[in-house]
2 protein chains.
Amino acid sequence: MATETTAPQADLSIVAARAKAAGRRLAALSSGQKNDALTRMARALEARTGDILAENAKDVDQARAAEVGSALVDRLLLDESRIADMAKGVRDIAALPDPVGVIDTGWTLPNGLKVSKKRIPLGVIAVIYESRPNVTSDTAALALKSGNAIILRGSSMAARSNQIIVDVLLGALGDSEVPTDAVQLLGTDRADLERLIGMEGEIDVVIPRGGEGLKKFLGEHSRIPVIYAASGNCHVYVHEDADLEMAAGITMNAKTQRPGVCNAAETLLVHREVAAQFLPRIGRELSEAGVELRASDEAAKFMGDLEVTPASEEDFATEYLDLILAVGVVDSVEEATDHISRYGSGHSEAIVTSSLAAAGRFEAGIDSACVYINASTRFTDGGEFGMGAEVANSTQKLHARGPVGLAELTTYQYLVIGDGHLR
Amino acid sequence: MATETTAPQADLSIVAARAKAAGRRLAALSSGQKNDALTRMARALEARTGDILAENAKDVDQARAAEVGSALVDRLLLDESRIADMAKGVRDIAALPDPVGVIDTGWTLPNGLKVSKKRIPLGVIAVIYESRPNVTSDTAALALKSGNAIILRGSSMAARSNQIIVDVLLGALGDSEVPTDAVQLLGTDRADLERLIGMEGEIDVVIPRGGEGLKKFLGEHSRIPVIYAASGNCHVYVHEDADLEMAAGITMNAKTQRPGVCNAAETLLVHREVAAQFLPRIGRELSEAGVELRASDEAAKFMGDLEVTPASEEDFATEYLDLILAVGVVDSVEEATDHISRYGSGHSEAIVTSSLAAAGRFEAGIDSACVYINASTRFTDGGEFGMGAEVANSTQKLHARGPVGLAELTTYQYLVIGDGHLR
């Protein structure tokens, strides 16, 4: 028995107006009220696991009938343990500190005016995503906790799964203080998407969680501010004085621990002084792990009889998201940072070194979201950073960089208190 | 003798590439090196006042010959005192704290990774502005201090003035550490503007300092992130328990002290309980100051024989930037905040009240950039806030709200230090 609390066919202006009104009510809720609603939602996901699985099975059947690839089916598929994870995700968000009302800074002016800069919700957030149904509960929970109304736009392939999850979440609100317009799910037709991203002033930000095609489309057409999820062409640079044991560990971890994600390394740069010692060893280890090596001419010379592919200019600019690694040799920290500045995507870059001076020069030369000294690039993640769940990982420079968690879903407001102050 | 250090006709990609390289060098400069360059620039503006006035006179002559309005000519016109103000502006920026390298926050994770979140420059900033030549030195100084390269695009009317100012600024650098590509002035043809705002990845942000037409154009066409300078439909709300002396002072100051700017008030809302007492008095005072009153039917009833114009719905949504004030009557704080939420532009709103509870409800109901309790909206300004000069005043919610000063011209970067940490 699914409650019918959402209206996917409703006119978009009505959806946006409801979201705005809900957002204003959410902004005024206490942490306790929001956490209570989140706890009810988590419980409902668990209690109604059977209903969710039944709807999800229909999506999965249809996807299989349409002969989509098995990787896609796997992303779409829910089971009891995945639903338990979704519920845990919502509870984890309830347990995080409330970002709303935090005073970032404040001061008293010479004329006695008291200024404080405090965090308030953005208002209305739209999230456009692909086939994973867990994004529905994750992003709804993040939005609610940060006091924002959310408009969800999932893929048609997961339409039934997303609908039942939203119904379950909203059905759990009961007589809680959270308005049911706080979470709205859109239908999946293309015209709606186009209208959605033209609704400046009605929707405060749109966050795409999809491939490069969606991002490009938004870059060209969106009139709403966008927080772009990252593409990650991440680098590991091994300096001449690196502990080569550590360098090998970091390279293997950054490349192979989970190659399909944005914080995995795509290029290894090695200082010439240690290339003869390090490259044959790491090359063998990588090859044994199934990694294809695409090496510059110079790097290839150091790798003896290992099987390598010549790296083109394009290889150094590519985010493989696969077991492929571009390899180059450099003569200095500066040559490494110049390479990264030229080919990188501004995500995460690591240096392995024992020298404070080299670490400082690397840090100064990199303007990516995250710089690592002697650690794997794989740590760029809201959970790993201790910020809790993230809605995306940003490589843009404005507003949010790196993990986009609860704080990044807020803006700030100046509160100025006087006693009849005139200018 | 003007040095010819800029190349207005250069290909835009070359301009952007030079700016990017200059930005990377600027990012590594110490505060001392940047302040030294700023001090030289201020001195050069003073020393070459005659040259600047000579070029400015040509622009002014041409504008007069073209019979542009006297207000425009006044904005364009420089004299010794305005150039002295420009030099003082640059010195004031030198005296401000350096925003680059500030650690906003940091923590150590349970696994021992040390995370710090520090401020770094945005990179390359483009500023598009109208006829005031002082914007050239103001924004160049703000960009330099915040470690950013700047691309300036002024109006054709001020072309000679802008060129000589840039020449003087760059000529002052001598053998300082600041690269001369840090400040570049573009030519003024329209096609260049269109190409400029399509240079995603090459220019990090564009800041328009112009009218609504320019903003609309950027909203539709820019593929670079934009920081929008504000339009300000600001409100003063007089609560039933307000000190009416204070309320009158704040209303007069917010409306009349400088009506042509974004933080001037455009609407006065008065609680019904004090309307009979307050409206006739403030109405008279405003009329005597030459302010046209556009009153709702209800408000008009309280203003007796004062000359008022009936306010249309549109009046409440208008930023007059003139001696005109819309006036309404409300029954509660919530009616006031609903009105402001509906008609406001998210800039600055003031309540006059003696009640802590009413102030709290007003604050909770407003999501504008600045909320004032018992103070004039006219304080929304980087200088007044003690943040130093501002490049714009933002009403958008992402990245920067309110005054856009030095800190808002930076982004952040996570520095993560480990000891061979793997995930």
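Reading the values: rules and limits
- Residues numbered from 1 in each chain as written.
- Chains lettered and ligands numbered in written order.
- Predicted model: local features only at pLDDT ≥ 70, side-chain atom pairs only at ≥ 80, totals over all residues.
- Helix = DSSP H or I, 4+ residues; strand = E, 2+ residues; numbered from the N terminus.
- Rg over C-alpha atoms; globule rule 2.2 N^0.38 Å.
- Buried ≥ 20, exposed ≤ 12 C-beta atoms within 10 Å, placed from the backbone.
- Contact = placed C-beta atoms within 7 Å.
- Least-squares fit on C-alpha atoms with pLDDT ≥ 70 in both.
- Nonpolar A, V, L, I, M, F, W, Y, C, P; charged D, E, K, R; others polar.
- Pairing = 2+ DSSP bridges.
- Core = buried A, V, L, I, M, F, W, Y, C linked by C-beta atoms within 7 Å.
- Expected span 1.5 Å × (residues − 1).
- Axes fitted to C-alpha atoms, helices over the stretch in contact; angles between N-to-C directions.
- Bend = angle between axes of the 7 residues up to and from the residue.
- pLDDT = per-residue confidence, 0-100.
- Domains from an automatic or database assignment.
- Parallel < 35°, antiparallel > 145°, perpendicular 65-115°, else oblique.
- Left-handed = near helix turned anticlockwise from the far one by under 90°.

Draft legend 1. Main features of the overall build of chain A. Each helix and strand in chain A was counted, giving 15 helices and 16 strands. Taken over C-alpha atoms, the radius of gyration comes to 24 Å for chain A, in line with the 22 Å a tight globule of 423 residues would show. Dimensions of chain A along its principal axes, counting C-alpha atoms only, are 70 × 70 × 35 Å. Each of the 423 residues in chain A was classed as buried or not, and the buried ones make up 55%. Taking as baseline every contact in chain A between residues at least 6 positions apart, the subset at least 24 positions apart corresponds to 73%.

Draft legend 2. Here's a closer look at the relation of the copies chain A and chain B. When chain A is brought onto chain B, the operation consists of a screw motion whose angular component is 180 degrees and whose axial shift is 0.0 Å, with 0.0 Å RMSD remaining. The superposition of one copy onto the other is thereby described by a two-fold rotation axis. For chain A, the minimum C-alpha distance to the rotation axis belongs to H399 of chain A and amounts to 1.9 Å. Of all interface residues in chain A, 100% are interface residues in chain B too; the two copies therefore contact each other through one and the same surface.

Draft legend 3. Representation of the interface of chain A and chain B within the structure. Of the residues lining the interface, 57 residues belong to chain A; the matching set on chain B comes to 57 residues. Mapped by element, the contributors of at least two residues to the side of chain A that touches chain B are helix 1 (12-27), strand 2 (114-121), helix 10 (244-256), helix 15 (356-365), strand 13 (370-375) and strand 16 (410-421) of chain A. For the side of chain A that touches chain B, the element with the most residues is strand 16 of chain A, which contributes 11 residues. Within the side of chain A that touches chain B, the residues separate by chemical class into 28 nonpolar, 17 polar and 12 charged. With 5 bridges joining them, strand 16 of chain A and strand 13 (residues 370-375) of chain B adopt parallel strand pairing. If you follow V416 of chain A over to strand 13 of chain B, its bridge partner there is Y372 of chain B.

Draft legend 4. How the structure looks around the nonpolar core. Counting 153 residues, the largest nonpolar core has M41, I125 and L169 of chain A together with M41, I125 and L169 of chain B as the members making the most contacts within it. Excluding its chain neighbours within four sequence positions, the residues that come into contact with M41 of chain A are V90, A141, L169 and A172 of chain A.

Draft legend 5. Quick peek at helix 6 (residues 134-145) of chain A. All names here are of chain A. Taking 1.5 Å per residue, 12 residues should reach 16 Å; helix 6 reaches 17 Å between its end C-alpha atoms and fits that length. The element helix 6 is largely enclosed, with a buried count of 11 among its 12 residues. Regarding helix 6, the residues found buried are V135, T136, S137, D138, T139, A140, A141, L142, A143, L144 and K145. G147 occupies a position one or two residues after helix 6 and carries a positive phi of about 75 degrees.

Draft legend 6. Spatial organisation of the sheet that holds strand 3 (residues 124-129) of chain B. Residues and elements named next belong to chain B. The strand order 5-4-3-6 describes an open sheet built from 4 strands, whose pairing is parallel. Whereas interior strands pair on both sides, the edge strands pair on one side only; in this sheet they are strand 5 (183-185) and strand 6 (205-209). Each strand axis lies, on average, 20 degrees off the axis of its neighbour in the sheet, ignoring direction. Sheet topology places strand 3 next to strand 4 (residues 149-153); 5 bridges connect them, and they run parallel. Each bridged residue has a counterpart across the sheet, and for I128 the counterpart in strand 4 is R153. Sheet strands touched by helix 1 (residues 12-27): strand 3, strand 4 and strand 5. Its angle to strand 4, the strand with the most contacts, is close to 145 degrees. The sheet contacts of helix 6 (residues 134-145) involve strand 3, strand 4, strand 5 and strand 6, and relative to strand 4 the element is tilted by about 160 degrees.

Draft legend 7. Broad picture of unusual backbone geometry. One non-glycine residue, E67 of chain A, lies in positive phi territory at about 55 degrees. Within the secondary structure, E67 of chain A is located in the loop between helix 3 (49-65) and helix 4 (70-76). The phi dihedral of H399 of chain B is positive, around 70 degrees, even though this residue is not glycine. Here H399 of chain B shows up in the loop between strand 14 (392-394) and strand 15 (402-404).

Draft legend 8. Structural view of helix 11 (residues 272-288) of chain A. Residue and element names in this part refer to chain A. An ideal rise of 1.5 Å per residue puts 24 Å on 17 residues; helix 11 measures up with 24 Å between its terminal C-alpha atoms. Where helix 11 bends most, at F278, the angle is about 45 degrees, and the proline P280 comes one to four residues later. The complete set of buried residues in helix 11 reads A275, F278, L279, I282, G283 and L286. Directly after helix 11, the chain includes G290, whose backbone phi takes a positive value near 85 degrees.

Draft legend 9. Region of the structure containing the confidence of the model for chain A. Residue and element names in this part refer to chain A. Confidence in the prediction for chain A averages 93 pLDDT; 97% of positions are at 70 or higher. Under a pLDDT of 50 for its full length, residues 1-9 has, in the predicted model, 19 contacts with residues more than four places off or in other chains. Here the predicted complex scores 0.91 on pTM and 0.92 on ipTM.

Draft legend 10. View of the domain arrangement of chain A. Taken domain by domain, chain A consists of domain 1 (12-228 + 405-416) and domain 2 (234-379). The C-alpha-based centres of domain 1 of chain A and domain 2 of chain A are spaced at 36 Å.

Draft legend 11. Looking closely at the environment of E240 of chain A. All names here are of chain A. Position of E240 relative to the elements: it lies in the loop between strand 7 (234-238) and helix 10. When the 18 C-beta atoms within 10 Å are taken as the criterion, E240 is described as partly exposed. Aside from chain neighbours lying at most four places away, what touches E240 is H271, E273 and V274.

Draft legend 12. Seen up close, the environment of S131 of chain A. All names here are of chain A. Looking at where S131 falls in the secondary structure, it is placed in the loop between strand 3 (124-129) and helix 6. Judged by the 23 C-beta atoms lying within 10 Å of it, S131 is buried. Excluding residues that lie within four positions of it along the chain, S131 makes contacts with L72, R75, L76, S155, M157 and A158.

Draft legend 13. Quick peek at the packing of helix 3 of chain A against helix 7 (residues 159-171) of chain A. Residues and elements named next belong to chain A. Interaxial distance between helix 3 and helix 7 falls to 7 Å at its minimum, and their mutual angle equals 160 degrees. In terms of orientation, helix 3 lies roughly antiparallel with respect to helix 7. In this structure, the crossing between helix 3 and helix 7 has a hand that is right-handed. Seen from helix 3, the contacting residues are D51, I52, E55, N56, K58 and D59; seen from helix 7, they are A159, R160, S161, I164, I165 and V168. Residues that form the contact of helix 3 with helix 7 fall into these classes: 5 nonpolar, 2 polar and 5 charged.

Draft legend 14. Just the sheet that holds strand 10 (residues 309-310) of chain A, in detail. Ordered in space as 10(A)-9(A)-11(A)-8(A)-7(A)-12(A)-13(A)-16(B)-2(B)-1(B), the 10 strands form an open sheet in which the pairing is mixed. The sheet is open, and its two borders are formed by strand 10 of chain A together with strand 1 (103-108) of chain B, each paired with just one other strand. Note that strand 1 of chain B and strand 2 (residues 114-121) of chain B share 5 bridges and pair antiparallel. The residue of strand 2 of chain B that forms the bridge with T105 of chain B is K117 of chain B. Packed onto the sheet, helix 11 of chain A meets strand 7, strand 8 (265-271), strand 9 (292-295) and strand 11 (324-330) of chain A and runs at close to 145 degrees relative to strand 8 of chain A.

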